Amino acid sequence: MALTSSRFSDLEPPLSAPVLEALTNSGFEFCTPVQAATIPLLCSYKDVTVDAATGSGKTLAFVLPLVEILHRSSSASNPKPHKVMGIIISPTRELSSQIFHVAQPFISTLANVRPMLLVGGLEVKADIRMIEEEGANLLIGTPGRLYDIMERMDILDFRDLEILILDEADRLLGMGFEKQLNSIITRLPKLRRTGLFSATQTEAVEELSKAGLRNPVRVEVRAEAKQLSGSASSGNSTSSKTPSGLHIEYLVCEADKKSSQLVHLLMKNKSKKTIVYFMTCACVDYWGTVLPRFSCLKSFSLISLHGKMKQSAREKALASFTSLSSGILLCTDVAARGLDIAGVDYIIQYDPPQDDKMFIHRVGRTARLGRQGSAVIFLLPKEEAYVEFLRIKNVFLEEGECASEAPDVIDEIRSAAKKDRDVLEKGLRAFVSYIRAYKEHNCSDILRWKELEIGKLGMGYGLLQLPSVPDVKHHALSLKGFTPVEDINLEEIKYKDKSREKQRKKNLQAKKAAIAQQQEQKTQRLKKEANSTATATRKKTAKQRRATQLVEDEDEITREYRLLKKLKKGAINENEFAKLTGTEDLLPDT
């Protein structure tokens, strides 16, 4: 997003001298379009809903008015320790932390205002203790932690709250925070300023604006992108959801060739600051383990980041990548939205995002604030309709070509898996996590699970054998394109890390001992059951004999009774009766 000719010092109503000085010290002179449109509205005490492309400078667009409003508030000159005057809510820990640090130079112009960052990853009791001891007048954090703090603490006073900011509102709702947001908003005074910022205005965002804002002013800022050949029916330019300085390509590539193309692109852009997006956390872990093992990438700085990492590790990874002039960040969509990482030149989407809205946010990590940037996405041959799908959403991609000189890395990956069980296991987890995520893809009409070539995908992940899981066994294309490694026992592959291998052997021995014990217990139980069955059988046979005798006796009595009736009626004589009943010896001698 390009800068305008409007200076921060020219905005009306004017910003205060301390805020302008902080802007100058931070190197800001001219506004972006979203800043020029939004700051005067919020400073004039208007509610706003802001719909602007990613990388447009939204953070300063709400931080500056918030600080300015607090400067004008009489209660901000010497607020009570637990009087909350402003709240900024964003969906992720990383984004909340970034907002907190961006806001610090401007909040510091408010001499007695105490800001507090409230995010997960740390014990909530620690936050409560800090608030109790030091106070908090401005809360910046995620909805889950803010909600938790409000539920647990009665000491916080929200009656004089001046302003509420909801950043990345569409994602706040998309991540299932409706309950927490509604609970937070109902605790706040209605006479406040509210800013709702988002890159996409969804129906849920519209509903939230109706519930939480009073006659909001709609601010919509779009970039102008050059029309691509065949992208639209007419015109030289079109409204785009991506910055004008961003060039996006797509590469149609078979699943077993993607890893080779990735390595080629990383080598080709060695001097650049690159982010590579994967679909799952397990995929990030796997490629973060495999890529550094390639001789051609050993000198590269590769950093992994995903949502299942501990908070301290996530913060360290993000800080490390931010400080680099060139390097590679391997990540999931946890680093797709809102984060302003300086100097990112190149975005590689190894997998299409599960949520199509995240495509815009991923590529928006580059070409920010008027700078130039490039992005590429890998698509399988049967996924090419994704390009048209994005075009309908005003996101335009040019077709690129796969490099014929890309190194074939499959053998190298498989060799690494044979030598290190860590590579083997992470590859299997990544493969399974990918196909399960693919089955649940939001664009399942385009990315069809039944058409996914599982065999080629397994080759692309350098698997030695396909795992025996239902998603693979029952898939029609599970074997096509896959060449298993013959004569190899996966259980015999060891960890390269000696301590892990020692622990594995210990676990195997314990497992074998447990199995042997279970087998012995089963054998003893079967013997006991066999003895009990034999005894029961003998008892049962005796009962059966008695039952059989009773039935025979009853039958004999019934038969003799019928013969006696015939004798009385004259149907048979006494001699015939005696023969039939076996009583001839009882007849008198004639």
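Residues numbered from 1 in each chain as written. Predicted model: local features only at pLDDT ≥ 70, side-chain atom pairs only at ≥ 80, totals over all residues. Heavy atoms only, no water.

Student: Is there a simple way to think about the packing of helix α2 (residues 33-43) against helix α3 (residues 58-72) in this case?
Tutor: A pair of packed helices is characterised by two quantities: the angle between their axes and the separation of those axes. The contact between α2 and α3 brings their axes to 9 Å, and the two run at 25°. Taken together, the axes of α2 and α3 lie roughly parallel to each other. In the packing of α2 onto α3, the handedness of the crossing is right-handed. Residue-level inspection shows Val34, Gln35, Thr38, Ile39, Leu42 and Cys43 of α2 in contact with α3, the latter providing Lys58, Leu60, Ala61, Phe62, Leu64, Pro65, Glu68, Ile69 and Arg72. For the contact of α2 with α3, a count of residues per class yields 10 nonpolar, 2 polar and 3 charged. (Axes fitted to C-alpha atoms, helices over the stretch in contact; angles between N-to-C directions. Helix = DSSP H or I, 4+ residues; strand = E, 2+ residues; numbered from the N terminus. Parallel < 35°, antiparallel > 145°, perpendicular 65-115°, else oblique. Left-handed = near helix turned anticlockwise from the far one by under 90°. Contact = heavy atoms within 4.5 Å. Nonpolar A, V, L, I, M, F, W, Y, C, P; charged D, E, K, R; others polar.)

Student: Is there a simple way to think about the side chain of aspartate 420 in this case?
Tutor: As for its position among the elements, aspartate 420 is in the loop between α15 (410-419) and α16 (421-439). You can call aspartate 420 buried: its relative accessible area is 4%. Within the structure, aspartate 420 has its side chain in polar contact with the backbone nitrogen of aspartate 422 (distance 3.0 Å). A distance of 3.1 Å separates the side chain of aspartate 420 from the backbone nitrogen of lysine 496, its partner in a polar contact. Beyond its immediate sequence surroundings of up to four residues, aspartate 420 is in contact with Arg293, Ile493, Lys494, Tyr495 and Lys496. (Buried < 20%, exposed > 50% of the residue type's maximum accessible area, 1.4 Å probe, protein only. Polar contact = N/O pair within 3.5 Å; in protein donor to acceptor, adjacent residues only side chain to side chain.)

Student: Would you mind going over the pattern of salt bridges with me for this structure?
Tutor: Oppositely charged side chains may form a pair once their charged atoms are brought near each other. Across all of its chains, the model carries 29 salt bridges by this definition. In this structure, arginine 391 engages glutamate 388 in a salt bridge whose closest nitrogen and oxygen atoms are separated by 3.0 Å. With arginine 391 and glutamate 388 both in helix α14 (residues 385-392), this residue pair falls 3 residues apart, about one helical turn. Taking the relative accessible area as the measure of exposure, glutamate 388 reaches 38% and is therefore partly exposed. Notably, a salt bridge pairs glutamate 425 with arginine 421, separated by 3.0 Å at the nearest N-O pair. (Salt bridge = Lys/Arg side-chain N within 4 Å of Asp/Glu carboxyl O.)

Student: Would you mind going over the confidence of the model for the protein with me for this structure?
Tutor: Looking at the protein, the pLDDT average stands at 87 and 91% of residues meet or exceed 70. Contacts for the low-pLDDT stretch residues 225-238, under 50 throughout, to residues beyond four places or in other chains number 21 contacts. (pLDDT = per-residue confidence, 0-100.)

Student: Please explain the nonpolar core as it appears in this structure.
Tutor: Within soluble globular proteins, side chains that are nonpolar tend to cluster in buried spots. Counting 131 residues, the largest nonpolar core has Phe431 and Tyr461 as the members making the most contacts within it. With near-sequence residues (within four places) excluded, phenylalanine 431 lies in contact with Ile454, Leu457, Gly458, Tyr461, Leu463, Leu466, Pro467 and Val472. Counting residues in hydrophobic clusters, the runner-up holds 30 residues, among them Val124, Met150, Phe177 and Leu213. (Core = buried A, V, L, I, M, F, W, Y, C linked by side-chain atoms within 4.5 Å.)

Student: Looking at this structure, I do not really get the state of the cysteines. What am I missing?
Tutor: One covalent bond between the sulfur atoms of two cysteine residues makes up a disulfide. For the coordinates displayed, the defined rule picks out 0 disulfides. In this structure cysteine 281 is not part of a disulfide, and its nearest cysteine sulfur, from cysteine 283, lies 9.2 Å away. The exposure class assigned to cysteine 281 is buried, which follows from its relative accessible area of 16%. Cysteine 283 supplies the cysteine sulfur nearest to cysteine 443, a cysteine that is in no disulfide, at a spacing of 18 Å. The class of cysteine 443 is buried, set by a relative accessible area of 5%. (Disulfide = S-S within 2.5 Å.)

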